[in-house]
Amino acid sequence: MPSLNLKDADLYYHCLGAEGSNRSPVIMIHGLLLGNSATWYFGAASALAKSHRVVVYDLRGHGMSAKASQGYDLKTMVSDLKALFESQGFSRVSLVGHSYGALIALHFAKEFPDLVDKLVIVEGPLPPGRGLQIDEFLGLSADDQAAALPKDIQDQIAKGSRQAKKLIDRLSFLVTQTELIENLKQESDIDDADLRDLNLPVQLIYGTESQLVDVAQRLDRTLPKSHLSWLAGGHYLPSERPHDLAAIIGGFFP
Amino acid sequence: MQTETSAALKSDTDILSEVRNLIEEIIGQSVDMNDEEISLETSFSRDLEMESIEFVVLSEKLQQSFGSDLDFASWLASKELGEIINLKVSDIVGFVKQCQA
C-alpha cells in the first residue's frame, strides 16, 4: 500500500490508470469525517482512469491514513496535497474535490495557480464550517442525527454491523480527539476577489436538495470560467449519484 | 486433476485460497464467522461486514496478486448498489478467472 510519510502525518494513496497518458493527471479529494478514498475510487476515479492518470488519497486522520490529532485546517491540508503532488513528480494537475475536499482543491489553486489545469468542485461549502453544520447537528436528537447521514450509512448503523462500529469509532476519534472541529470553526470564507482571480476552467456540481444551493450560485457568478451542473440529490452526491457524477466529470476531462 | 495447467493460469481452488488470504489480511481477526472458513458462498457485506475503504485495499491486493491489468475498481463501479451489497467471494473468484482467460 503506497503511503507518503510527512513530518506529522502518513497519507495513504492509490494510483489508477495509465502512467503513460500525456493528459494532465487528476488528484481526487474526499470530504471530512465520512469520506475516504473509497468516496471516489469505485466511482468517478475508475471511470476517469481509463484515459487519465488518477490519484486518490485518504486525508490525514481518515481512511487508511494514520490518525492525526491536528492539521485539519485548509493551510495544512493544502500543504499535504502539495507534498503528494510533488511525490508523484507531476508538473501540473487537475483537482476534483467533494465537500471540504473541494475547498482544499480551491485553495490549492489559489496558492499555486500555475500548477493547476482544471477544477471540479462537488458540494463545496462556504464558509468552510457550514457544510457540516456542527452546532446544529450536535443539537439534534439521535434519530435526527442519524437521519442526516447518507442512506447507506444509516443502513449500516441500523444493522449494528462491524462497518457501523468502525465508522462510529472513526467519527468519535475525529470529533473528540482531534482539532478538526476547532480548525473548521476558525476557517474563514474565501474572498470573492480571490475567486475572481481563479482564471481556470471550473466545473461546479451541486445537489438540488443540498443546503448549499446559494453557494453554487455564488461560485458560478464569481468564478470567471465556471460551469454549473445540478444533480438531483443532497450533499453526498458521490454515494447518492455515482454514475451521473462520473459522467459529468468524465465530460469535463475529455 | 489439473497437472498440465500453464504457470500463469491458476485453478479455481488456487484463486479461492489466494482471495481468502487477502481478505484475512485485511479484516484480520475482527470478524466473528462462528469459526466458519471463508468460502465461495461468503458474502462481503452480510458475513464479512467489510467497509468500503477495505474494498479499496482489497482492490490493490488483487492487483498485486493477479496482475495490474485486473481492473477491480471499474468492475465494481459498473455494478448497482444492490449487486454490491450481495457480492460473494465466488463473484470475485469468477472475476479473477475471467481476467485470466
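These numbers were taken from a predicted model, which means no experiment stands behind them.

A tally of helices and strands in chain B yields five helices and zero strands. The N-to-C order of helical and strand elements in chain B reads α-α-α-α-α. Contacts spanning at least 24 positions in sequence make up 71% of the contacts within chain B whose residues lie at least 6 apart.

Quick look at the nonpolar core now. In a soluble, globular protein the nonpolar side chains are often hidden away together inside. Judged by nonpolar contacts, the single largest core of 94 residues is most densely connected at Met28, Ala44, Ala45, Leu95, Ile104, Ala105 and Ile121 of chain A. Non-local contacts of Ile121 of chain A, meaning those with residues more than four positions away in its chain, are made with Gly97, Ala102, Ala105, Leu106, Val202, Leu204 and Leu219 of chain A.

Further remarks concern the interface of chain B and chain A. How big an interface is tends to be stated in terms of the accessible area lost upon association of its parts. Each side of the interface is counted separately: chain B has 14 residues, and chain A has 18 residues. The leading source of residues in the side of chain B that touches chain A is helix α2 (residues 52–66) of chain B, at six residues.

Residues and elements named next belong to chain A. Packing of helix α1 (residues 38–48) against helix α12 (residues 242–252) brings their axes to within 9 Å, and their N-to-C directions diverge by 30°. The angle between α1 and α12 falls in the class roughly parallel. Crossing angle aside, the handedness with which α1 passes α12 is right-handed. In contact with Gly43, Ala44, Ala47 and Leu48 of α1, α12 contributes Pro242, Leu245, Ala246, Ile249 and Gly250. Class assignment of the residues belonging to the contact of α1 with α12 gives a composition of seven nonpolar, two polar and no charged.

Okay, the pairing of strand β3 (residues 26–29) of chain A next. On a regular strand, one side chain projects to one face of the sheet and the next to the other, so that they alternate. All names here are of chain A. Residues Val26 and Met28 of β3 are buried on one face, and the alternating residues Ile27 and Ile29, pointing to the opposite face, are buried as well. In terms of strand pairing, β3 meets strand β4 (residues 54–57) through four bridges, oriented parallel. For Ile27, the partnering residue across the bridge sits in β4 and is Val55. Since β3 and β4 lie parallel, the crossover through α1 that links them has a hand, and here it is right-handed. Of the pairings in the sheet, the one linking β3 to strand β5 (residues 93–98) comprises four bridges and is parallel in character. Paired with Ile27 across the two strands is Leu95, which belongs to β5.

Basis of the calculations
Residues numbered from 1 in each chain as written. Chains lettered and ligands numbered in written order. Predicted model: local features only at pLDDT ≥ 70, side-chain atom pairs only at ≥ 80, totals over all residues. Helix = DSSP H or I, 4+ residues; strand = E, 2+ residues; numbered from the N terminus. Contact = placed C-beta atoms within 7 Å. Core = buried A, V, L, I, M, F, W, Y, C linked by C-beta atoms within 7 Å. Buried ≥ 20, exposed ≤ 12 C-beta atoms within 10 Å, placed from the backbone. Axes fitted to C-alpha atoms, helices over the stretch in contact; angles between N-to-C directions. Parallel < 35°, antiparallel > 145°, perpendicular 65-115°, else oblique. Left-handed = near helix turned anticlockwise from the far one by under 90°. Nonpolar A, V, L, I, M, F, W, Y, C, P; charged D, E, K, R; others polar. Pairing = 2+ DSSP bridges. Right-handed = clockwise from strand over helix to strand, strands pointing away.

So far we have only geometry, and geometry alone does not tell us how the molecule works.
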